[in-house]
Amino acid sequence: MSKIKELLKDKNSVLVFDIDGVLSLLEFGEYNHYYASDEDWDKFVNNDNNLYTEDKVSKKMQGFLKNIDKNRVYVITAIGVNKEGDYKKEFVRKYYNIKPDNVYFVDRNNDKVSKLIEIKNKHPEIQDYQLIMIDDTPDVLTEVQNKTNFSTAHVSSFLDISI
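Residues numbered from 1 in each chain as written. Predicted model: local features only at pLDDT ≥ 70, side-chain atom pairs only at ≥ 80, totals over all residues. Heavy atoms only, no water.

Caption draft 1: A look at the overall build of the chain. Of the regular secondary structure elements, the chain holds 6 helices and 5 strands. Reading the chain from its N terminus to its C terminus gives the helix and strand order α-β-α-α-β-α-β-α-β-α-β. For 163 residues, the compact-globule estimate of 2.2 N^0.38 gives 15 Å, and the chain sits close to it at 15 Å. If one aligns the C-alpha atoms of the chain with their principal axes, the spans along those axes are about 45 × 30 × 30 Å. For the chain, with 163 residues in total, the buried portion stands at 47%. Pairs at least 24 residues apart make up 72% of the contacts formed inside the chain by residues separated by at least 6 positions. Put simply, the chain shows about 9000 Å² of open surface, and 45% of that area lies on carbon and sulfur atoms. Distance between charge centres in the chain, computed from 23 positive and 28 negative side chains, equals 7 Å. (Helix = DSSP H or I, 4+ residues; strand = E, 2+ residues; numbered from the N terminus. Rg over C-alpha atoms; globule rule 2.2 N^0.38 Å. Buried < 20%, exposed > 50% of the residue type's maximum accessible area, 1.4 Å probe, protein only. Contact = heavy atoms within 4.5 Å. Areas by Shrake-Rupley, 256 points an atom, 1.4 Å probe, with all protein chains shown as cover. Lys, Arg positive; Asp, Glu negative; His and termini not counted. Charge placed at Lys NZ, Arg CZ, Asp CG, Glu CD.)

Given below as structure tokens:
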């Protein structure tokens, strides 16, 4: 029986969230989840277009994080250009009250494991399983599972979690 929901609610856990598809609704296209190639996205963002706005907030995740100790909440997210990082950092600060120093950027999703190790080193008091990567990409979660002793949670675990 899975204990992931118990672990997500445990005040001793350290939670690490992805942004796109987890803390931000993945609704960037008119009729699709995404509207452009990565190259076009980067150009659009570099032209001062911020798509990380209030309409992209997940009310479910916002409610879940409302009473969680923000010293134990982190973000690891992939970015293509620095402006995207600025927008994402402001988004999670403004709508989730996540500390800017707790936001980490990677070039590719498969670089998340090294950042998780950095975060774990900031919390030597916890067991490895008490650090949880929350993502919407199974490949990311499987890589974390295969390369560490950290816990993993797919965003779907929040669909029916009571808050």
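Let's pick the thread back up.
Caption draft 2: Quick look at the pattern of salt bridges. Using the criterion set out here, one finds 14 salt bridges in the structure. Two residues, D18 and K112, come together in a salt bridge whose shortest N-O distance is 3.1 Å. With D18 in the loop between β1 (14–17) and α2 (38–46) and K112 in helix α5 (residues 112–121), this pair connects stretches of sequence that are 94 residues apart. Each member of the pair D18 and K112 is classed as buried. Of the charged contacts, one joins K147 and E143 as a salt bridge, the two residues approaching to 3.1 Å between their closest N and O atoms. Of this pair, K147 and E143 both sit in helix α6 (residues 138–147), 4 residues apart, which is roughly one turn of that helix. Under the relative-accessibility criterion, K147 is labelled exposed at 58%. (Salt bridge = Lys/Arg side-chain N within 4 Å of Asp/Glu carboxyl O.)

Caption draft 3: Local environment of the nonpolar core. Membership of the largest hydrophobic core comes to 32 residues, with the highest contact counts inside it found for L8, F17, L23, V92, Y96, I98 and I134. A per-element tally of this core places helix α4 (residues 82–96) first, with 5 residues. When sequence neighbours within four positions are dropped, the list of residues in contact with I98 reads L23, L65, V73, V75, V92, R93 and V103. Counting 15 residues, the second-largest nonpolar core is a separate cluster that includes V16, I76, I126 and L141. (Core = buried A, V, L, I, M, F, W, Y, C linked by side-chain atoms within 4.5 Å.)

Caption draft 4: Looking closely at the side chain of S157. Examined against the element boundaries, S157 turns out to sit in the segment after β5 (151–154). Excluding residues that lie within four positions of it along the chain, S157 makes contacts with I4, K5 and L8.

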